[in-house]
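# Survey of secondary and tertiary structure
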Amino acid sequence: MEHSHRYRAYPTQEVAEGLEHHLNVHRQLYNHVRWDYENSPEDDKPTEYDQNNKLPEWKQKWPVFSELHSKAAQATVARFHRNLSDLRKKKEKGYNVGRLKRQAPTEYRSVTYNQSGFNLDEKRGRDRFAYVRFSKIGWVKIRYHRPIPDHAIIKEVTFKKETTGEWFVSFGLGTDDSDLPEKPDVDSLGASNSVGIDLGIQNYIHTSDGKTVDWLDLEDEYERLRREQRKLSRKEMESSNYEKQRRKVAKVKRHIKRKVLDYQHKITTWLVREYDAVFVEDLDVKEMLEQSHNARNKQDAAWRQFTTLLEYKADLYGCHVKQVEARGTTKECASCGVETAKPILVREHSCPSCGFETDRDANAAMNVLQRGFSELGLGWPEDTPVETVTATDTTHFESVSASHVVETGSLGA
Ligand SMILES: [Zn+2]
């Protein structure tokens, strides 16, 4: 299982120069690896292993390469071979691919430290900042808005300079499976500790136990994006002002993406901490079904990312997560199973067959929960939410505020 956490970095002037320098030397190394490969006879191309073995010799010949941390240098060799194998795969699929190109300074933007040569100091740095050290370069301050989970192992660390000039540090995380918490026994699952989720149309998510989580408010950000895009459209193409404005637009877009990711991190952590089993709809089908109504969802939410995060955290926190068939979750009555067509504007579920009434999305979420149980080979438990909900007032759903989710989701996650 692989995953990464990305943080904005604030190197001092001096350290930034070091990062730049290393970036440049790694780029030269990459180009040299490429050159060495290209100039080897067709029937004797070097492997990644071969080229790693050539590193000491190259360091002697070109002392500048000795300035690099050895694991980081190996990661750069690995990068070339990964690109090579990606290219090969594309070729096999019938794409017309050329050869790998030399990397110009504008194209080569990141350096990876693999396994060693870095430290993370979570205690150093006030508030939500921390420090990460790159061997042979120095300490870099990062905005540590999302701590790395206890069970995660840092496999590699990458620093990157974006086209905007901003620095980022990302941690490639894995887990040692023997360290993971055990998942609750399947037989212990019931409606009280399990949840079905309807991926939002009205709300961000709607749970089978009647909770709704609101949309992240991105109105200001979108307004800003529209403003910057309007400005860009008035600039002359390829002028320096155009380039400057293009960077501004890219920055706002990235800001939105990061905000959404951060929010999804919090919601998913909240879910796996709150429940022993979480069921969601299979997205491919969901998207097909609701494409026309889903334009906004798709843009903001990136549900695939949400599900990926949820599945990743399932193992990390010891929670069952399953995707279930999405077809018909809205139409089907969660109480009796009879399907009734329901236009998107109809917000209520009112079953003509059994009389069960509830909110449209709650009904869908309950169906997701039921499907989840049958996926796990479990019968429908006694304390079904349908019965709990029918017994009480079905029109009042507890709304979970975004800030509550953020608060719970932030704890140690
Ligand atoms: Zn019914």
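Predicted, not measured: the structure shown is a model, and the values here were computed from it.

On to helix H8 (residues 303–317), then. In this model H8 runs 20 Å from its N-terminal to its C-terminal C-alpha over 15 residues, within 8% of the 21 Å that 1.5 Å per residue would give. By the burial criterion, the buried members of H8 are Trp 303, Phe 306, Thr 307, Leu 309, Leu 310, Tyr 312, Lys 313, Ala 314 and Leu 316. In the stretch just after H8, Gly 318 is the one whose phi turns positive, near 70 degrees.

The next point concerns a positive patch on the surface. A cluster of basic residues, Arg 227, Arg 230, Arg 234, Lys 235, Lys 244 and Lys 248, forms a positive patch on the protein surface. For the positive patch, the secondary structure elements donating two or more residues are helix H4 (219–234) and helix H5 (240–274). The dominant element in the positive patch, judged by the number of residues it contributes, is H4, at 3 residues. Its location among the elements puts Lys 235 in the loop between H4 and H5. The class for Lys 235 is partly exposed, based on a relative accessible area of 30%.

Another aspect to go through is the packing of helix H2 (residues 48–61) against helix H3 (residues 70–92). Two elements in contact, H2 and H3, have axes separated by 10 Å at closest approach and are oriented at 135 degrees. Put simply, H2 runs oblique to H3. With respect to the hand of their crossing, H2 and H3 are arranged in right-handed fashion. The segment H2 lies against H3, with Glu 48, Gln 51, Asn 52, Leu 55 and Lys 59 engaging Ser 70, Ala 73, Gln 74, Val 77, Ala 78, Phe 80 and His 81. When its residues are assigned to classes, the contact of H2 with H3 shows 5 nonpolar, 5 polar and 2 charged.

Turning our eyes to something else, we now look at the confidence of the model for the protein chain. Residues of the protein chain with pLDDT of at least 70 account for 86%, and the chain-wide mean is 84. The low-confidence segment residues 291–300, where pLDDT is below 50, has 15 contacts with residues more than four positions distant or belonging to other chains. Of the regions scoring below 50 in pLDDT, residues 385–397 engages in 23 contacts with residues more than four places distant in sequence or in other chains.

With that settled, consider H2. Given a rise of 1.5 Å per residue, 14 residues ought to cover 20 Å, and the 20 Å separating the end C-alpha atoms of H2 matches this to within 8%. Maximal helix bending in H2 amounts to about 35 degrees, located at Leu 55; proline Pro 56 follows within four positions. Turning to H2, its buried residues are Gln 51, Asn 52, Leu 55 and Trp 58. Where H2 is buried, its residues contact helix H1 (13–38) and H3.

The next thing to look at is the coordination of the zinc ion. The protein atoms that coordinate the zinc ion are Cys 333 (SG), Cys 336 (SG), Cys 351 (SG) and Cys 354 (SG), at distances of 2.2 to 2.3 Å. Between the 4 donor atoms coordinating the zinc ion, the angles at the centre fall across 107 to 113 degrees, so the site counts as tetrahedral. Sequence spacing of the donors to the zinc ion: C-x2-C-x14-C-x2-C. Here Cys 336, found in the loop between strand S12 (320–324) and strand S13 (348–350), pairs with Cys 351, found in the loop between S13 and strand S14 (357–359); they are 15 residues apart in sequence, far enough to count as distant. Taking the relative accessible area as the measure of exposure, Cys 336 reaches 35% and is therefore partly exposed.

Of the pairings in the sheet, the one linking strand S2 (residues 110–114) to strand S6 (residues 152–161) comprises 5 bridges and is antiparallel in character. Its bridge partner being in S6, Ser 110 is matched across the sheet by Lys 160. Of the pairings in the sheet, the one linking S6 to strand S7 (residues 167–175) comprises 9 bridges and is antiparallel in character. Bridge pairing in S7 places Ile 153 opposite Gly 174.

Helix-helix packing is characterised by the crossing angle of the two axes and by the distance between the axes. Running from N to C, H1 and H2 point in directions that differ by 115 degrees, and their axes come no closer than 12 Å. Taken as a pair, H1 and H2 cross one another with a handedness that is right-handed. On H2, the residues that touch Leu 29, His 32, Val 33, Asp 36 and Tyr 37 of H1 are Gln 51, Lys 54, Leu 55 and Trp 58. Here the residues of the contact of H1 with H2 sort into 5 nonpolar, 2 polar and 2 charged.

What follows concerns the pattern of salt bridges. A side chain with one charge can pair with a side chain of the opposite charge if their charged atoms come near. Taken as a whole and judged by the stated rule, the model has 21 salt bridges. One salt bridge in this structure joins Glu 223 and Arg 226, with 3.2 Å as the shortest N-O distance. With Glu 223 and Arg 226 both in helix H4 and 3 residues apart, this pair spans about one turn of that helix. Linked through salt bridges whose partners overlap, the residues forming this network are Arg 8, Glu 166, Lys 251 and Arg 254.

The 7 strands are arranged S2-S6-S7-S1-S5-S4-S3 in an open sheet whose pairing can be described as antiparallel. Edge strands, defined here as strands with exactly one partner in the open sheet, are S2 and strand S3 (118–121). Here the strands of the sheet are splayed against their neighbours by 30 degrees on average, with no regard to which way each runs. In this structure, strand S1 (residues 3–10) lies alongside strand S5 (residues 138–143), joined through 2 bridges in antiparallel fashion. Its bridge partner being in S5, Ala 9 is matched across the sheet by Ile 142.

Parameters and conventions
- Residues numbered from 1 in each chain as written.
- Predicted model: local features only at pLDDT ≥ 70, side-chain atom pairs only at ≥ 80, totals over all residues.
- Heavy atoms only, no water.
- Helix = DSSP H or I, 4+ residues; strand = E, 2+ residues; numbered from the N terminus.
- Expected span 1.5 Å × (residues − 1).
- Buried < 20%, exposed > 50% of the residue type's maximum accessible area, 1.4 Å probe, protein only.
- Patch = residues over 30% accessible without salt bridge, like charges linked within 9 Å, V, L, I, M, F, W, Y side chains within 5 Å.
- Areas by Shrake-Rupley, 256 points an atom, 1.4 Å probe, with all protein chains shown as cover.
- Salt bridge = Lys/Arg side-chain N within 4 Å of Asp/Glu carboxyl O.
- Lys, Arg positive; Asp, Glu negative; His and termini not counted.
- Charge placed at Lys NZ, Arg CZ, Asp CG, Glu CD.
- Axes fitted to C-alpha atoms, helices over the stretch in contact; angles between N-to-C directions.
- Parallel < 35°, antiparallel > 145°, perpendicular 65-115°, else oblique.
- Left-handed = near helix turned anticlockwise from the far one by under 90°.
- Contact = heavy atoms within 4.5 Å.
- Nonpolar A, V, L, I, M, F, W, Y, C, P; charged D, E, K, R; others polar.
- pLDDT = per-residue confidence, 0-100.
- Bend = angle between axes of the 7 residues up to and from the residue.
- Donors = N, O, S within 2.8 Å, 3.2 Å for Na, K, Ca; no water.
- Tetrahedral: all angles 85-135°; square planar, octahedral: opposite > 155°, others 65-115°.
- Pairing = 2+ DSSP bridges.

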